Amino acid sequence: MSWFKREHNQIQPTPDHEVRTEGLWTKCDACGKTLWKADLEANLQVCPSCGQHFKFGARERIDNLLEPGYELVDLELQSTDPLEFTDLKPYKARLIAARKKTGLNDAIVNAVGKIGEQDVVISAMEYGFIGGSMGAVVGETIARAVDRALAAKVPLIIISASGGARMMEGIASLMQLAKVSAGLAKMDDAKIPYISLMTDPTTGGVTASFAMLGDLNIAEPGALIGFAGPRVIEQTIRQKLPEGFQRSEFLLEHGFLDAIVARKDLKAYLAETLKWMTEKAV
Ligand SMILES: [Zn+2]
C-alpha cells in the first residue's frame, strides 16, 4: 500500500474562466515567434521575423496600394440566396454573420484611384467573408470593375484570396467563371492591361478563371495556389506530391507565375510594371 494517494479531481473550468485567445499578442505559425499585433499590423501583416505573409483584408490592401483620395465603389450588391440553401446553417444566416464580421456586403471590394501617376481599377477579394468564396455578387462586382476599366481605358488589378466558387449558390456561382472570363477577353481586345495578384489562398473556381488569366500573373510569397486541394489530388493519382507543391515558389519555378512579389514591394512593383505596360509603342 502506498503512503500517498492522489485523488483524481479534475479542474472544471467555469465559463467565465475560459482562456481568451484574442489579445495584444499572436504567434507566427511559420517560425513560432510571439508577435505583438501592433508590430504585425505596422508590417502589413507580414511576420517581421521570418517574412511569413498572413492574410490581409481587402480594404487594408487597397489603402496600402492606392494614393490617398481613392474611392471604394460597387459596394451595394447583396446576395439573394437564390437556392434558399441550408447546410449546417442557413446560407442567409451565414451572410448576416459575414456582413457583421467584415462590414462588407460580400467577399469583394472595388476601388478606383491611382498608383503613382497611373489611374487604375482594383478589385480585391476579402477572405474573411465566407472564405472569399465567389458567388453571383463577387462575379458581378468583378464584371463591374472590368466595365469600369474598359470605359475609362485604365488597367485593372484583381487581388484574389479565395477558397473557390460559393457552393451555397450552386450553378449561379459557377456561371461567374464564364462571365468574368468573357469580360477579361474584352479587355484583351481593347489592349488594356490586366494584372492578377494571387494571395494565400487562391484556389478552385477562382484559379480556374480570372486569377490565371492576367497579362501578368503574380503572387505573394508562400501563397497556396491551385485548383483542387493536395489531398484530393493525392487520392486521385495515388502518389505523394512533391514538397512545396501548389505554393507560389513551386508555381514560379514551373512556369505558372511571372513573379513573386513581397507585400512591402508590391506598390513599387505595380507602379513600375504599369508604366511599361501602358507605354505607347513608338
Ligand atoms: Zn514568423
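Residues numbered from 1 in each chain as written. Predicted model: local features only at pLDDT ≥ 70, side-chain atom pairs only at ≥ 80, totals over all residues. Heavy atoms only, no water.

## Remarks on the pairing of strand β4 (residues 108–115)
The buried fraction of β4 amounts to 6 of the 8 residues, a majority that puts the element mostly inside the structure. Bridging between strand β3 (residues 71–73) and β4 involves 3 bridges; their strand directions are antiparallel. Counted as the bridge partner of L72 is A111 from β4. As defined by bridge partners, β4 adjoins strand β5 (residues 118–125) across 8 bridges and the pair is classed as antiparallel. Note that in β5 the partner of K114 across the bridge is D119. Where β4 folds back onto β5 in an antiparallel hairpin, the turn is made up of 2 residues, including G116, whose phi is positive at roughly 65°. (Buried < 20%, exposed > 50% of the residue type's maximum accessible area, 1.4 Å probe, protein only. Helix = DSSP H or I, 4+ residues; strand = E, 2+ residues; numbered from the N terminus. Pairing = 2+ DSSP bridges.)

## Let's talk about the coordination of the zinc ion
Coordination of the zinc ion by the protein involves C28 (SG), C31 (SG), C47 (SG) and C50 (SG), with metal-donor separations of 2.3 to 2.4 Å. The site at the zinc ion holds 4 donor atoms, and with the angles between them running 106 to 112°, its shape is tetrahedral. Taken in sequence order, the residues that donate to the zinc ion follow the motif C-x2-C-x15-C-x2-C. Exposure remark for C28: the relative accessible area of 2% places this residue in the buried category. C31 gets classed as partly exposed once you look at its relative accessible area, which sits at 33%. (Donors = N, O, S within 2.8 Å, 3.2 Å for Na, K, Ca; no water. Tetrahedral: all angles 85-135°; square planar, octahedral: opposite > 155°, others 65-115°.)

## Brief notes about the packing of aromatic side chains
Summed over all chains, the structure comprises 2 aromatic pairs. Between W25 and W36, the ring centres sit 6.4 Å apart and the planes meet at 35°, which makes this aromatic pair tilted. A residue pair is termed long-range when its members are at least 10 positions apart, and W25 in strand β1 (residues 25–27) and W36 in strand β2 (residues 34–36) qualify at 11 residues. Ring geometry for F245 and F250: centres 5.6 Å apart, planes at 75°, overall edge-to-face. Owing to a relative accessible area of 25%, F245 belongs among the partly exposed residues under this scheme. When the ring centre of Y127 is taken as reference, the NZ or CZ atom of K55 above it lies at 5.0 Å. (Phe/Tyr/Trp six-rings, centres within 6.5 Å; stacked < 30°, edge-to-face > 60°. Lys NZ or Arg CZ within 6 Å of the ring centre and 35° of its normal.)

## Some remarks on the nonpolar core
In terms of nonpolar packing, the biggest core is built from 36 residues, with I142, L156, L184, M187 and F210 touching the most fellow members. For this core, the secondary structure elements donating two or more residues are α3 (91–102), β5, α4 (136–152), β6 (156–162), α5 (170–189), β7 (194–202) and α7 (248–253). Here this core takes 6 residues from α4, the largest share from any one element. Leaving out residues up to four positions away in the same chain, L184 has contacts with V146, L156, Y194, F210 and L213. Formed by 23 residues, the second largest nonpolar core is a distinct cluster that contains A111, I115, L197 and I218. (Core = buried A, V, L, I, M, F, W, Y, C linked by side-chain atoms within 4.5 Å. Contact = heavy atoms within 4.5 Å.)

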